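# Structural description and commentary
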Amino acid sequence: MNFSRKQWFYLAIIISIIIDFSLLIYVMFYPVDPSFKSTIYTFDVIICIIMWAEFIYSYKHSQNKKQYIGDNYLSIAGMLPLDFMFLRGLRLIKLVNFIKKFALTHESEAIEKFLKRTLLDKILSIAIIFIFVVAILIRLDSNINDFPTALWYTFVSMTSTGYGDVVPATLSGRLIGIIAMVGGIIIFATITAVISSIYVSKISRDHHEDVESKIEDLTSEIERLNEKIDELKKE
């Protein structure tokens with residue numbers, strides 16, 4: 001693969017963030033040795049420093065600094081190396097941003113038009129925020145007193161799976177569950193609509209190109225027939 005230095009840099013950050021987030025999730029769900037946990041937190045701090053360095057560099061080289069801050073203000077919180085799962089969840093938004101930057105360096109015009117048309121990066125960012133906000137709120141329920149369980153319940157509710165292993169006991173918890181279900185339906189329906197629009201657009205474009213090609217062939221055939229008619233008239 002012939003990647004530029006910038007592409008290799010973004011790819012390395014993407015892989016590092018995925019590894020970092022996976023390790024943090026693992027530590028949250030499973031008991032580990034304190035020294036191992038300390039190593040993971042140190043690695044997390046290093047990743048945050050790299051992300052801040054890239055953010056400052058991109059900010060200095062951006063043409064519209066105010067717009068750059070406006071587009072990235074949520075991911076700023078995700079670059080803080082704090083032991084708070086909501087902030088770490090926002091790091092996934094930063095991951096989406098880096099994937100977007102990596103894609104734009106590869107084929108900027110086509111992908112930029114695609115993102116402007118579908119707003120897929122914005123939809124994914126909203127979905128990430130929604131998941132972690134709901135998980136934090138549902139944690140207040142008396143039956144759900146830890147974040148991993150709250151996160152599990154949020155995913156189950158959003159996907160309408162309904163295993164029934166975790167059930168909120170309070171009215172507020174059930175209301176939040178309803179919000180999670182409705183929000184999940186809206187988010188997944190929106191993503192499905194985006195994917196469908198991509199295929200429909202491709203089919204429509206291919207059909208349009210096919211029709212244009214046939215029209216050109218017919219035009220050429222008509223021109224040849226006209227030329228033959230002219231020749232016959234001359235004879």
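Residues numbered from 1 in each chain as written. Predicted model: local features only at pLDDT ≥ 70, side-chain atom pairs only at ≥ 80, totals over all residues. Heavy atoms only, no water.

## What to know about the overall build of the protein chain
Condition: Think of it this way: any DSSP run of H or I at least four residues long counts as a helix, any run of E at least two long counts as a strand, and we number them from the N terminus. When a residue's accessible area, from a 1.4 Å probe over protein chains only, is under 20% of the maximum for its type it is buried; when over 50% it is exposed; and in between it is partly exposed. Residue contacts are counted whenever heavy atoms from the two residues lie within 4.5 Å of one another. Only the protein chains shown count as cover for residues, and the accessible areas themselves come from Shrake-Rupley with a 1.4 Å probe.
The helix and strand tally for the protein chain stands at eight helices and zero strands. In the protein chain, the succession of α and β elements from N to C terminus is α-α-α-α-α-α-α-α. Burial statistics for the protein chain: of 235 residues in total, 31% are counted as buried. Within the protein chain, contacts between residues at least 6 apart in sequence are counted, and of these 61% link residues at least 24 apart. For the protein chain, the accessible surface area stands at approximately 15,300 Å², while carbon and sulfur atoms represent 65% of it.

## Description of a nonpolar patch on the surface
Going by this rule: Think of a patch as exposed residues, more than 30% relative accessible area, with no salt bridge, where like charges cluster within 9 Å and nonpolar side chains (Val, Leu, Ile, Met, Phe, Trp, Tyr) cluster within 5 Å. Throughout this description, the term salt bridge denotes a Lys or Arg side-chain nitrogen within 4 Å of a carboxyl oxygen of Asp or Glu.
The grouping of Leu 171, Leu 175, Ile 178, Met 181, Val 182 and Ile 186 at the surface amounts to a nonpolar patch, some 570 Å² of accessible area in total. Inspection of the secondary structure puts Leu 175 in helix α8 (residues 171-234).

## Some details on unusual backbone geometry
Even without a glycine there, the phi angle at Ser 160 is positive, about 60°. With respect to the element layout, Ser 160 can be found in the loop between α7 (147-158) and α8.

## A short note on the side chain of Ser 62
Put simply, the rule is: Here a polar contact is recorded for every N or O atom pair within 3.5 Å, except that within protein the pair must consist of a potential hydrogen donor and a potential acceptor, and residues adjacent in sequence are included only if both atoms are side-chain atoms.
Structurally, Ser 62 is set in the loop between α2 (34-61) and α3 (65-78). With a relative accessible area of 14%, Ser 62 lands in the buried category. For Ser 62, the side chain forms a polar contact with the main-chain oxygen of Tyr 59, separated by 2.7 Å.

## Some points on the environment of Lys 6
Along the chain, the position of Lys 6 falls in helix α1 (residues 5-29). With 96 residues separating them along the chain, Lys 6 and Phe 102 place their C-alpha atoms 8.0 Å apart.

## Re the confidence of the model for the protein chain
The criterion, for reference: Scored from 0 to 100, pLDDT reflects the predictor's confidence in each residue.
Mean pLDDT over the protein chain stands at 79; residues scoring 70 or higher make up 88%. α2 holds the highest mean pLDDT among the elements of the protein chain, 88, whereas helix α5 (residues 108-118) holds the lowest, 64.

## Quick word on the nonpolar core
Rule in force here: Among buried residues, the Ala, Val, Leu, Ile, Met, Phe, Trp, Tyr and Cys ones that are joined through side-chain atoms within 4.5 Å form a nonpolar core.
The biggest cluster of nonpolar side chains holds 37 residues, and the ones touching the most others in it are Ile 17, Met 51, Phe 98 and Phe 132. Elements with a minimum of two residues in this core: α1, α2, α4 (85-106), α6 (120-138), α7 and α8.

## As for the packing of α1 against α2
Note the following rule: Axes, fitted as lines to C-alpha atoms, cover a helix only where it is in contact. Angles between the N-to-C directions of the axes lie from 0 to 180 degrees. Rotating anticlockwise by less than a right angle from the far helix to the near helix defines a left-handed crossing, while the corresponding clockwise rotation defines a right-handed one.
Two elements in contact, α1 and α2, have axes separated by 10 Å at closest approach and are oriented at 145°. When you trace α1 past α2, the crossing you get is left-handed. Residues Phe 9, Tyr 10, Ile 13, Ser 16, Ile 17, Ile 19, Asp 20, Leu 23, Leu 24 and Val 27 of α1 pack against Phe 36, Lys 37, Ile 40, Tyr 41, Phe 43, Asp 44, Ile 47, Ile 50, Met 51 and Glu 54 of α2.

## Structural notes on α7
Under the convention used in this document: The span one expects for a helix is its residue count, reduced by one, times 1.5 Å.
For α7, with 12 residues, the first-to-last C-alpha span of 16 Å sits near the 16 Å given by 1.5 Å per residue. Summarising burial for α7: nine of the 12 residues are buried, a large majority. Of all the positions in α7, only Phe 147, Pro 148, Ala 150, Leu 151, Tyr 153, Thr 154, Val 156, Ser 157 and Met 158 are classed as buried. Positive phi appears at Ser 160, one or two residues downstream of α7, with a value of about 60°.

## Focus: the packing of α6 against α7
To keep things clear, this is the line we draw: An angle below 35 degrees is read as roughly parallel, one above 145 as roughly antiparallel, one from 65 to 115 as roughly perpendicular, and any other as oblique.
Contact pair α6 / α7: the axes reach a minimum separation of 8 Å and the direction vectors enclose 125°. It follows from the interaxial angle that α6 and α7 lie oblique. Along this stretch, α6 crosses α7, giving a crossing that reads as right-handed. Mapping the contact onto sequence places Phe 130, Ile 131, Phe 132, Val 134, Ala 135, Ile 136 and Ile 138 in α6 and Phe 147, Ala 150, Leu 151, Tyr 153, Thr 154, Phe 155 and Met 158 in α7.

## Topic: the environment of Leu 23
One can find Leu 23 in helix α1. Classification of Leu 23 by relative accessible area gives partly exposed; the value is 25%. Separated by 18 residues in sequence, Leu 23 and Tyr 41 have C-alpha atoms that sit 9.2 Å apart.

## Here we look at α1
Its 25 residues place the ends of α1 36 Å apart at the C-alpha level, agreeing with the 36 Å of an ideal helix rising 1.5 Å per residue. Listing the buried residues of α1 in full gives Gln 7, Tyr 10, Ile 13, Ile 14, Ile 17, Asp 20, Phe 21, Leu 24 and Val 27.

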